[in-house]
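Now for the letters of each chain:
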Amino acid sequence: MSNSFENYQKRKLITSYFSVVLSIGLVLFLLGLLGMLVLNTKKLADHFKEQIKISVFLKDNAKQVEVDQLQKSLLLAEYTKSADYISKDDAAQMHSEEIGENFLDFLGYNPLKNSIDIALKANFVSPEKVEEIALDLQSRDYVEEVSYDKPLISLLTKNVKRISFWILMASGIFTLIAVLLINSSIRLSIYSKRFIIKTMQMVGATKRFIRGPFIWTNIKLGLLGAFFALIGLGAFLYYLDLNFPELNIFQDRLVLGIIFAGVLALGVLISFISTYFATQRFLNLRTDDLYY
């Protein structure tokens, strides 16, 4: 009978610990993903901004020396990520491949212009700065036209600001929810041992002596939950890197280090704080209040 009761108590204890580790692990995993999203918001925004290009169409009488000089000056400009010269023949070939037929046979001549496609650095992709760059390029005598998607740049700039704001708001809300969830799991675990806490207190144990084992146990559970969260986070990031290599997730190791260290620190910190206040609550209760 005694062995059966002891086995039951062990199973109950293991179940309690498992639920705490699982809740901590899941919550920290979600917080880790959210942290990656917050720290990489600018990186993602920059990636989309740098897909926008300015096309500089050149006049037919533009000299090759002028074209080469323009391309070199663009490559040296602080706002340029890349500047690729596209001849009218190459442009015609690309256009024919896109539409699936050779339009030159129909027209009998090539109406396209030689051009330079400029990819801008993300910091310079805003309606005001792009307009300033376009006006400067348009002032050259051998430039026929400067073309870019003005509505898209305006829309992208507004959406990046809006998304960044809501991501920060969501981060704050989810962090609060995460703390409450972990705190609730730990409090439930300690609640099942409230009579043990009060018994130790009644036989003369100090509050610090009683709190110590609970805090140390839950810190270990927090570390274990954080460890599982990091495994899941690493697997998920590896999957993203395989399917979206352009994001270069593993390239910025400082960000990864901050996220992984933050997950571990949160696992320890939240476990410590929650355990401290949960045990303190039951230590301050009267014996009669333990039954409610």
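As the structure is a computational prediction, the values presented were derived from the model and not from experiment.

**Observations concerning the pairing of strand E3 (residues 115–120)**
Put simply, side chains in a regular strand alternate between the two faces of the sheet.
Consideration 1: Taking burial as the measure, the six residues of E3 include six buried ones, the bulk of the element.
Consideration 2: Strand direction decides the pairing type here: strand E1 (residues 53–58) and E3, joined by five bridges, are antiparallel. Its bridge partner being in E3, Phe57 is matched across the sheet by Ser115.
Consideration 3: The pairing of strand E2 (residues 80–86) with E3 spans six bridges and is classified as antiparallel. Bridged to Asp84 within E3 is Asp117.

**Let's talk about the pattern of salt bridges**
Consideration 1: In this structure the tally under the stated criterion is four salt bridges.
Consideration 2: Lys113 serves as the salt-bridge partner of Asp60, at 3.3 Å between the closest nitrogen and oxygen. On the criterion of sequence distance, the pair formed by Asp60 in the loop between E1 and helix H3 (64–76) and Lys113 in the loop between helix H5 (103–107) and E3 is long-range, its members being 53 residues apart.
Consideration 3: Residue class for Asp60 comes out exposed when judged on its relative accessible area of 52%.
Consideration 4: Among the residues examined, Lys113 registers a relative accessible area of 25% and is labelled partly exposed.
Consideration 5: The closest approach of N and O atoms between Lys150 and Glu131, which form a salt bridge, is 3.9 Å. Residue Lys150 is found in helix H7 (residues 150–191), and its partner Glu131 is found in helix H6 (residues 127–138); the two are separated by 19 residues along the sequence.
Consideration 6: You can call Lys150 partly exposed: its relative accessible area is 45%.
Consideration 7: Here Glu131 falls in the partly exposed class, since its relative accessible area comes to 29%.

Reading the values: the criteria
Residues numbered from 1 in each chain as written. Predicted model: local features only at pLDDT ≥ 70, side-chain atom pairs only at ≥ 80, totals over all residues. Heavy atoms only, no water. Buried < 20%, exposed > 50% of the residue type's maximum accessible area, 1.4 Å probe, protein only. Helix = DSSP H or I, 4+ residues; strand = E, 2+ residues; numbered from the N terminus. Pairing = 2+ DSSP bridges. Salt bridge = Lys/Arg side-chain N within 4 Å of Asp/Glu carboxyl O.

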